[in-house]
Amino acid sequence: MRTDGHSRLALRAGITIGAVLTAPLLLLAGGFAYDRLVRHVYRDGGPYSKEEGWVHPAYFVTTNALVRALTRPTRRTG
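Summary of the structure given here. What you see is a predicted model; the values in this text were computed from it and never measured. (Residues numbered from 1 in each chain as written. Predicted model: local features only at pLDDT ≥ 70, side-chain atom pairs only at ≥ 80, totals over all residues. Heavy atoms only, no water.)

**Describing the nonpolar core**
Right, so step 1: I15, A19, A23, L26, Y34, V41, V55, A58, Y59, F60, V67 and L70 together form the largest nonpolar core, which totals 12 residues.
Right, so step 2: Those elements that place two or more of their residues in this core are α1 (6-21), α2 (23-42), α3 (57-62) and α4 (65-71).
Right, so step 3: Per-element accounting of this core gives the leading share, four residues, to α2. (Core = buried A, V, L, I, M, F, W, Y, C linked by side-chain atoms within 4.5 Å. Buried < 20%, exposed > 50% of the residue type's maximum accessible area, 1.4 Å probe, protein only. Helix = DSSP H or I, 4+ residues; strand = E, 2+ residues; numbered from the N terminus.)

Structure representation (structure tokens):
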């Protein structure tokens, strides 16, 4: 997915709305899924190349402040 254009704005809005709708689930068990997603997105040779303007849609999920706040209670700290 390109990092510029209108589709990025729509994706970010969709992620925020999805986080609000699934807030109870994210508070109870979202940390484990978030940890796996972060490892997948930020691994060496991961599914994005920000230098070329391409990122995986999961990148926007991991950088969303609301998703990070809702998954914080169940995330591993270690």
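Next, the rest of the story.
**Quick look at α2**
Right, so step 1: Under the 1.5 Å per step criterion, the end-to-end length of α2 is only 24 Å for 20 residues, more than 12% shorter than the ideal 28 Å.
Right, so step 2: Maximum bend of α2: about 75 degrees, positioned at A29.
Right, so step 3: The complete set of buried residues in α2 reads A23, L26, G30, G31, Y34, D35 and V41.
Right, so step 4: Here the buried face of α2 lies against α1, α3 and α4. (Expected span 1.5 Å × (residues − 1). Bend = angle between axes of the 7 residues up to and from the residue. Contact = heavy atoms within 4.5 Å.)

**Some remarks on the side chain of T74**
Right, so step 1: Secondary-structure assignment places T74 in the segment after α4.
Right, so step 2: A distance of 2.8 Å separates a polar atom in the side chain of T74 from the backbone nitrogen of G31. (Polar contact = N/O pair within 3.5 Å; in protein donor to acceptor, adjacent residues only side chain to side chain.)

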